[in-house]
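Summary of the model geometry
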Amino acid sequence: LWLMDEDGRNPRQISFYDDNQAFSSPEWSPDGQSIIVTRSWADRNAYELWSFRPVEGDMGRVLRSTRGGGPAADQSQSTAGARFSPDGERIYFSS
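Residues numbered from 1 in each chain as written. Predicted model: local features only at pLDDT ≥ 70, side-chain atom pairs only at ≥ 80, totals over all residues. Heavy atoms only, no water.

1. Some remarks on the overall build of the protein
Counting secondary structure elements, the protein contains zero helices and eight strands. Starting at the N terminus and walking to the C terminus, you meet the elements of the protein as β-β-β-β-β-β-β-β. Burial status across the protein gives 29% buried among its 95 residues. Intrachain contacts of the protein at a sequence separation of at least 6 include 34% that bridge at least 24 residues. As presented, the protein carries roughly 6200 Å² of accessible surface, and 46% of it is formed by carbon and sulfur atoms. (Helix = DSSP H or I, 4+ residues; strand = E, 2+ residues; numbered from the N terminus. Buried < 20%, exposed > 50% of the residue type's maximum accessible area, 1.4 Å probe, protein only. Contact = heavy atoms within 4.5 Å. Areas by Shrake-Rupley, 256 points an atom, 1.4 Å probe, with all protein chains shown as cover.)

Right under this line is the structure:
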């Protein structure tokens, strides 16, 4: 996950992972303190919801995992298209 200035200068990576993941659908929190993104997992055929602070080297945290989505232990769940409510108190997503 990368950030840059409005003019495209000063690119900086804020997440460092070696597992060939893909992040999509970034959304800034209303207070500007975090970014939520969808992280894809090809081996699980599923998507997770993650949160990052906008600082270099932040490893993020899982907000909604792909694991445990159904009655079977190996069944995955997906989360995509997340958006903050205007007050930042809630996150809406499709699953």
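Structure's up, so let's keep going.
2. Brief notes about the packing of aromatic side chains
Here the structure, examined in full by the defined rule, presents two aromatic pairs. Taking the centre distance of 5.4 Å and the plane angle of 85 degrees together, the rings of Phe23 and Phe52 count as edge-to-face. Taken as a pair, Phe23 in strand S3 (residues 22–28) and Phe52 in strand S5 (residues 46–52) lie far apart in primary sequence, 29 residues in all. Its relative accessible area of 0% is what places Phe52 among the buried residues. Geometrically, the ring pair formed by Trp50 and Phe52 is stacked, given 6.0 Å between the ring centres and 20 degrees between the ring planes. We note Arg39 situated over the ring of Trp50; from NZ or CZ to the ring centre the distance is 4.5 Å. (Phe/Tyr/Trp six-rings, centres within 6.5 Å; stacked < 30°, edge-to-face > 60°. Lys NZ or Arg CZ within 6 Å of the ring centre and 35° of its normal.)

3. Considerations on the sheet that holds S3
Strand pairing in a sheet takes place through backbone hydrogen bonds and is either antiparallel or parallel in direction. The strand order S3-S4-S5-S6 describes an open sheet built from four strands, whose pairing is antiparallel. Every other strand in the sheet has two partners, leaving S3 and strand S6 (61–64) as the edge strands with one partner each. Mean inter-strand twist for the sheet, computed between neighbouring axes without regard to direction, equals 35 degrees. Relative to S6, S5 is paired through three bridges, and the arrangement is antiparallel. Along S6, the bridge assignment pairs Trp50 with Val62. (Pairing = 2+ DSSP bridges. Axes fitted to C-alpha atoms, helices over the stretch in contact; angles between N-to-C directions.)

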